[in-house]
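Read off the chains here:
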Amino acid sequence: MNVHEYQAKELLAKFGVGIPAGIAALTVEEAVAAAKQLPGPLYVVKAQIHAGGRGKGKFKELPADAKGGVRLAKSVEEVEAFAKEMLGNTLVTVQTGEAGKQVNRLYVTDGVDIAKEYYLSMVVDRATGRVAMIVSTEGGMDIEEVAHSTPEKIATITIDPAQGFMPHHGRAVAAALKLSGDLAKQAGTIAKQLFTAFNALDCDMLEINPLVETKDGNLLVLDTKMSFDSNALYRHPDVVALRDETEEDPAEIEASKYDLAYIKLDGNIGCMVNGAGLAMATMDIIKLNGEFPANFLDVGGGATTEKVTAAFKIILRDPAVKGILVNIFGGIMKCDIIADGIVAAAKEVNLQVPLVVRLEGTNVQQGKDILANSGLPIVPANDLGDAAQKIVAAVRKVA
Ligand code: ADP
Ligand code: MG
């Protein structure tokens, strides 16, 4: 789960992290009122969407030479003008994809006199089983380019979970950022605060870009991206309350209601599979046969008619889907029950695209008979390879 920049900053502030003053706004009037409460004379109006790259982004509705989703305003009047330009419009950044994202919230924040921009992020590094802190002197809007062309400018410091954040970690961060004196001390403090917040909130990613040194010698967090381990959300109702469903794919929200693990992808073959491993294998074999999956979908252990129907409906919301491959292993669930579910669901949604079904496991023959006698144009498949070839051939015929 992700949150907006202003929400992440409010969470971090509770851990003592230095952030510039700022107020979120949903309307132009609220943006103006927010600016009036801030000290000024410089303000920054920031589009709040769950995607980075806003500064270099472009609004679809504005002229090509218009500025992006992070605008420096020199007066309350400018804040008002920028809020009018941004709210309701669609911001396209390197992270939103071509469709962009509609800006429904703004963050009006204090303009900071920046001396230098740094980069600091944290992720759970699965290879080491530790939290990795990634820091660079080259913060700002081009960190991806730095990682690509000058990776030596990025340092990684891993923290042993049993030991926690030690003073030497703080010194390593300061050294990697080439800071000395009071700034080095501040870097150690902020790194420790961020690490504490990361653990306490069960984050899986926290990115500060930029972390800035101000002209008057302070380190401040200017931009934050934060995401949370969904397995730990039950421990954080306050974080769950920050969820902004308008930022999420409606199909994924619908899927979560039925306890289906669904992730939309760019291909044209809808997949309905039980078990994440089998779902991955199914996607792989579709690619191996030259087409692309339209989604990842794990219906889980109990593939009931209700769940299968919901899954069909969710897959078919995607206009790119030209065919569906159902690949189900009847272990705990029996194949005949699954087949009943598939037939009922296919009839209910009035399925118009080719459907290939591969069943394996308990009562497989009864299951196949149900599909064959259903009167529906279901193409049976014997194994994974056969299923993939059949669905690829079917969607190519349609196209
Ligand atoms: P994004 O990463 O989505 O482009 P940022 O919040 O990082 O958005 O803003 C982009 C750039 O705008 C920053 O690298 C920084 O130079 C500038 N900026 C952001 N917030 C402020 C601020 N409060 N004061 C001054 N400059 C800012
Ligand atoms: Mg940024």
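Details of the structure are given in the entry above.
This text gives an overview of the structure that appears in the document. (Residues numbered from 1 in each chain as written. Chains lettered and ligands numbered in written order. Predicted model: local features only at pLDDT ≥ 70, side-chain atom pairs only at ≥ 80, totals over all residues. Heavy atoms only, no water.)

So, the overall build of the protein
Check the secondary structure of the protein and you find 13 helices and 19 strands. Expressed as lengths along the three principal axes of its C-alpha atoms, the size of the protein is roughly 80 × 50 × 40 Å. Counting every position in the protein, which comprises 399 residues, the buried fraction comes to 50%. Carbon and sulfur atoms provide 54% of the accessible area of the protein, an area that totals close to 18,600 Å². Considering the protein, the positive charge centre built from 40 side chains and the negative charge centre built from 51 side chains are found 1 Å apart. (Helix = DSSP H or I, 4+ residues; strand = E, 2+ residues; numbered from the N terminus. Buried < 20%, exposed > 50% of the residue type's maximum accessible area, 1.4 Å probe, protein only. Areas by Shrake-Rupley, 256 points an atom, 1.4 Å probe, with all protein chains shown as cover. Lys, Arg positive; Asp, Glu negative; His and termini not counted. Charge placed at Lys NZ, Arg CZ, Asp CG, Glu CD.)

Re the pairing of strand β4 (residues 70-73)
Covered by surrounding structure in β4 are Arg 71 and Ala 73 only, the residues Val 70 and Leu 72 on the alternate face being uncovered. Both strand β2 (residues 43-47) and β4 contribute to a ladder of four bridges, which runs antiparallel. Opposite Lys 46, over in β4, you have Val 70 as the bridge partner. (Pairing = 2+ DSSP bridges.)

Focus: the site of ligand 1
Around ligand 1, a shell composed of 17 residues is seen, among which Lys 46, Arg 54, Gly 55, Val 112 and Glu 117 lie nearest. Take Val 112: an N or O atom from its main chain is 2.9 Å from a nitrogen atom of ligand 1. At a separation of 2.4 Å, an oxygen atom of ligand 1 approaches a polar side-chain atom of Glu 117. For ligand 1, the cavity whose grid points lie within 2 Å of the majority of its atoms is the largest pocket. Elements with a minimum of two residues in the shell around ligand 1: β2, β8 (114-125) and β11 (203-214). (Near = heavy atom within 4 Å. Polar contact = N/O pair within 3.5 Å; in protein donor to acceptor, adjacent residues only side chain to side chain. 1 Å grid on protein atoms, 1.4 Å probe; cavity = no way out; pocket = protein on both sides within 12 Å on 5 of 7 lines; lining within 4 Å. Sits in = over half its atoms within 2 Å of the grid points.)

A look at the sheet that holds β4
The strand order across the open sheet formed by four strands is β1-β7-β2-β4, and the pairing between neighbours is antiparallel. Because the sheet does not close on itself, it has two edges, and the strands there are β1 (22-25) and β4. Ignoring which end each strand starts from, the neighbouring axes of this sheet average 20° apart. Alignment of β2 against strand β7 (residues 106-110), held across five bridges, turns out to be antiparallel. Looking across to β7, one finds that Val 45 is bridged to Val 108. (Axes fitted to C-alpha atoms, helices over the stretch in contact; angles between N-to-C directions.)

A closer look at the environment of Thr 128
By the secondary structure assignment, Thr 128 is in the loop between β8 and β9 (130-136). Once the C-alpha coordinates of Thr 128 and Thr 362 are considered, the two residues, 234 residues apart in sequence, prove to be 40 Å apart. Of the polar contacts made by the side chain of Thr 128, one reaches the side chain of Asp 125; its length is 3.3 Å.

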